Amino acid sequence: MFKVFSLFILIGLVFQSCGTKEQNYVPKPKGFNRITLPAHRYTPLKENHPYTFAYSQWARVLPDTFATAGKDWLFVHYPQFGANIQLTYKPIGGDQKKLQEYINDAYKLAGKHQIRASSIQESRMTTPNGYNAMLFKIEGDVPSPYQFYTTDSSRHFLRGAIYFPVATKNDSLAPVIDYIQKDMIHLLNTLQWR
């Protein structure tokens, strides 16, 4: 008798817990990590190179350590984002053939991302100091979403690229990419040749 009574109570509790209201369950949208971005503040490059510019005070300037690196090649490293603006400097010495070779290399390096890129957009900008720069915006899941080169056409050539050495979808990195892209534009706008 006690077992039958317990069974009825259990069945009653199950029905009562189901309730009479119809409930719609909707899956939660996919979330991304929260990224806190510091305010843009800049400091001048103090090292002795054939160029100078202002860079983010949240970044560190490090020498390029690749085996093929030149003496004036740098990383503007963002430790909190694990990202770099890699700068490669090459002297022209008035040799127009060298200049054209360097420009062709810049286009080839941007073009290497075509396999994974959804688009590559080119735009030209003129800095406040009167220097022309070619910018490449590379959309898609690529390790280098922005690249540029600038030159005075006779003595100096500087190429730069933002690199993220992580296997993350760029849509989740979009706030960081935009943040560093603004720093890259500021670097170009404050660039001066020595």
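All values reported here derive from a predicted model rather than from experimental measurement.

Definitions and cut-offs
Residues numbered from 1 in each chain as written. Predicted model: local features only at pLDDT ≥ 70, side-chain atom pairs only at ≥ 80, totals over all residues. Heavy atoms only, no water. Helix = DSSP H or I, 4+ residues; strand = E, 2+ residues; numbered from the N terminus. Buried < 20%, exposed > 50% of the residue type's maximum accessible area, 1.4 Å probe, protein only. Areas by Shrake-Rupley, 256 points an atom, 1.4 Å probe, with all protein chains shown as cover. Expected span 1.5 Å × (residues − 1). Arc of directions from axis to C-beta. Contact = heavy atoms within 4.5 Å. Polar contact = N/O pair within 3.5 Å; in protein donor to acceptor, adjacent residues only side chain to side chain. Core = buried A, V, L, I, M, F, W, Y, C linked by side-chain atoms within 4.5 Å.

K.L.:
Tell me about the overall build of the chain, residues and numbers included.
P.N.:
A tally of helices and strands in the chain yields three helices and 11 strands. The proportion of buried residues among the 194 residues of the chain is 39%. A total of about 12,300 Å² of accessible surface is found on the chain, and carbon and sulfur atoms cover 57% of it.

K.L.:
Just give me the short version of helix α3 (residues 174-190), but keep the residues and values in it.
P.N.:
Taking 1.5 Å of rise per residue, 17 residues should cover 24 Å, and α3 covers 24 Å from first to last C-alpha, within 8% of that figure. Val-176, Ile-177, Tyr-179, Ile-180, Gln-181, Asp-183, Met-184, Ile-185, Leu-187 and Leu-188 are the residues of α3 that are buried.

K.L.:
For helix α2 (residues 96-111), give the residues involved together with the corresponding values.
P.N.:
Relative to the 22 Å expected for 16 residues at 1.5 Å per residue, α2 spans 22 Å between its end C-alpha atoms, a close match to the ideal helical length. Every buried residue of α2 is accounted for by Leu-99, Tyr-102, Ile-103, Ala-106 and Ala-110. In a view along the axis of α2, the buried residues occupy a sector of 95°, so they form one face of it. Away from the buried face of α2 by more than 90 degrees, exposed residues Lys-97 and Lys-108 are located. Buried residues along α2 sit against β6 (83-91), β7 (117-126), β8 (132-140), β9 (146-151) and β10 (156-163). The opening residue of α2, the one whose side-chain oxygen lies 3.0 Å from the backbone nitrogen of Lys-97, is Asp-95.

K.L.:
How would you summarise the nonpolar core if you had to cite specific residues and measurements?
P.N.:
Ranked by internal contacts, the top residues of the largest apolar core, which has 34 residues, are Tyr-51, Phe-53, Val-76 and Ile-180. Those elements that place two or more of their residues in this core are β5 (74-78), β6, β8, β9, β10 and α3. Sorting elements by how many residues they give to this core places α3 first, with eight residues. The contacts of Phe-53, once residues within four sequence positions are left out, are Thr-43, Pro-44, Leu-45, Leu-74, Val-76, Leu-87, Leu-187, Thr-190 and Leu-191.

Bear in mind that shape data such as this cannot, by itself, settle questions of function.
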